[in-house]
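Chain by chain, the residues run as shown.
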Amino acid sequence: MACDDGTRSDPLMSDVRTSTETEYDELPYPCGGHDQTHPAHLATLATLLGLVPAPLQTCRVLELGCGDGSNLIPMALSMPQATFVGIDLSHRQIEAGQAEVRQLGIENLSLRHQDLMTFGDSEQPFDFIIAHGIYSWVPNPVRNKIWEICRKLLSPNGVVYMSYNAYPGWHQRMMVRDMMRFHTQNIRDPERRRAQALAMVNFVAQSTPPQLPLHRKAMETERTRLSELPLNYVLHDDLGDINQPFYFHEFITAASSNGFQFLSESRFHAMQDTRLSPETRSALLKAGDLLVMEQYRDYITCNAFRQTLICHANRALDRRLRPEQMESFRFSSVLRSKSPQPDVTRAVEESFQHNGMTLTLSIPIAKAVLVILQEHAPQAIPFETLFQLALKRSQTDAPASFDLKFRLHQRNEVAELLLAGFGAGVILPTLFQAEFSLKVGDKPKLERLARLRIAANREVTTPLLDNIRFEEPFGRAVALCCDGQTTQAEIIEQLKQRVAAGEFPTELSDGKVPVPEDLHSQVTARVTECLDRIAHYAVLTG
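It should be emphasised that the depicted structure is a prediction, and the values quoted were computed from it without experimental measurement. (Residues numbered from 1 in each chain as written. Predicted model: local features only at pLDDT ≥ 70, side-chain atom pairs only at ≥ 80, totals over all residues. Heavy atoms only, no water.)

Undergrad: Can you walk me through the overall build of the protein chain in this structure?
TA: Across its full length, the protein chain holds 21 helices and 15 strands. Principal-axis analysis of the C-alpha atoms gives the protein chain an extent of 70 × 65 × 60 Å. Burial analysis of the protein chain (542 residues in total) assigns 51% to the buried set. In the protein chain, the share of contacts with a sequence separation of at least 24, taken over all contacts with a separation of at least 6, comes to 75%. (Helix = DSSP H or I, 4+ residues; strand = E, 2+ residues; numbered from the N terminus. Buried < 20%, exposed > 50% of the residue type's maximum accessible area, 1.4 Å probe, protein only. Contact = heavy atoms within 4.5 Å.)

Rendered as structure tokens:
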């Protein structure tokens, strides 16, 4: 399926690439971190499923369509012995990324302004290849070139991440896309084109007769989705010249023909879809074929987007997940206790929640694990450390110290909880996590990329690949004071003077500067609050 030289020199393809390059230079695509693409995450899933991925400390990572490098820069900073390469067709975005790389003194990341069609001949193999937001948005020859790059450059135990728009969910969206593109075909101004596209969707939604309630509901759903997306996202994705969704089975057929096999979805818990009834999940399991099950799941959920991991077809996999595997990883959790002070020493029920999901437990050590993970979030804790802390917190450390059978039972309880939580997407295992400090020291220090981005009033991509915008001027000011030299007391004094001078009017009640005693207490409280929040963004160094 590789492109021959004739395809590469096709003048029509050159026109398409030139047009695309110009569009992405004029209106850059939104860039940021994608935690589901981190090599540590890909390696974790590969390890769980029987592969032996390359050591993360020295791995080689390639990102196709890297934009300004926002996804790769935090990786390169936290993994200085690894090698990262990103290519993109947008000269403007690559220049911006290269400037940051120079300012940060990063030596293990190469951002290149390069046409994907010319990439690969002289490159060394890569252990992880990331193609986020490309596969559905390029013409067939470029899509074939992506497969060629993966075939030639993926190391034997490597993992490829590819995201793409999916059917059947995009059947409905394609109808809306067609009407928006028709309505705006003669509009060139980006703001006006988006406004008119949304106006068209709104017009159809409001004009649909009552006799067509399903069509009206579909249009209203798309209107809501589109209205919440940024301008550049709508223009490049929903209104762009190329947007080709695929059924899962079509993507897997293409992967197979290029020598690859399905490994997993990057969001592993999506494959255990908790929205489905037990009866539906049981019926899907009877299919006996994982690939068939995944396609049926898309039919049932009307899935519109996939983030698929693949590996070489000649690699042997083991999909039997076992509790004892958990002992090799670090863990974090998004679950939060319903009770402000959950009882973790007695066999009484306590509930933990996330995003509408509730997990109710009565086993003391299991509850202790979730409380400890909550207290340390978003930091990932090694299994052995977590187990020892949970024994102590649940007050089962004494019997476990002399009763080996009891200790092994407790250990298995912890492992089974972590495995179940992983399947539900509320407990996250990882082989590696970037270093950061949750503790606010006397002289707090902001991570380098965060300082650079905040100073430029840009969105911050954290070491964990979360994307945070410091909207509040006071919070930005506090963050920029965190230089590793200024004490907390000095930060408070600086902010007191600036508040008193009227620099932060939102910090003043009725626009009046409070008396010195009240000013000190108010600013101290606000600085303390901001520092705690900054720490939990994972952008303070130790």
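Undergrad: Quick question: what am I supposed to make of the sheet that holds strand β1 (residues 60-64) here?
TA: Paired through their backbone hydrogen bonds, the strands of a sheet run either parallel or antiparallel. In spatial order, the strands read β3-β2-β1-β4-β5-β7-β6; together these 7 strands make up an open sheet with mixed pairing. Only two strands of the sheet have a single neighbouring strand rather than two, namely β3 (109-113) and β6 (260-265). Averaged over all pairs of adjacent strands, the angle between strand axes in this sheet comes to 20°, irrespective of strand direction. Here strand β5 (residues 154-165) pairs with strand β7 (residues 305-312) via 6 bridges, running antiparallel. Opposite M162, over in β7, you have T308 as the bridge partner. Its contacts with the sheet put helix α13 (residues 290-301) on β6 and β7, and the angle it makes with β6 is roughly 50°. (Pairing = 2+ DSSP bridges. Axes fitted to C-alpha atoms, helices over the stretch in contact; angles between N-to-C directions.)

Undergrad: So what exactly am I meant to see when it comes to the pairing of strand β4 (residues 126-131) here?
TA: Residues in a regular strand point their side chains to alternate faces of the sheet. When you tally the buried positions in β4, you get 6 out of 6 residues, the bulk of the element. Bridge count for β1 against β4 is 3 bridges, and the pairing is parallel. Within β4, the position partnered with V61 by the bridge is F128. Of the pairings in the sheet, the one linking β4 to β5 comprises 5 bridges and is parallel in character. Each bridged residue has a counterpart across the sheet, and for I130 the counterpart in β5 is Y161. Remark: the β4/helix α6 (residues 140-153)/β5 crossover connection has right-handed handedness. (Right-handed = clockwise from strand over helix to strand, strands pointing away.)

Undergrad: Can you help me understand the environment of E63 in this one?
TA: With respect to the secondary-structure elements, E63 resides in strand β1. Judged by its relative accessible area of 3%, E63 is buried. C-alpha separation for the pair E63 and Y161, spaced 98 residues apart in sequence, amounts to 9.4 Å. Each residue touching E63, except ones within four places of it in the same chain, is listed here: N71, L72, V85, G86, I87 and I130.

Undergrad: I tried to follow the layout of surface pockets on my own but got confused; where do I start?
TA: Of the voids in this model, the second largest pocket is the one considered here, and its volume is about 1,300 Å³. Lining the second largest pocket are 48 residues, and of these D35, R267, H269, G425 and L428 sit closest to its centre. Those elements that place two or more of their residues in the lining of the second largest pocket are α3 (39-48), α13, β7, β8 (330-333), α17 (404-424) and β13 (427-430). Along the lines of polarity and charge, the residues of the lining of the second largest pocket split into 21 nonpolar, 18 polar and 9 charged. (1 Å grid on protein atoms, 1.4 Å probe; cavity = no way out; pocket = protein on both sides within 12 Å on 5 of 7 lines; lining within 4 Å. Points joined across faces, edges and corners; volume = space filled by probe spheres on them. Nonpolar A, V, L, I, M, F, W, Y, C, P; charged D, E, K, R; others polar.)

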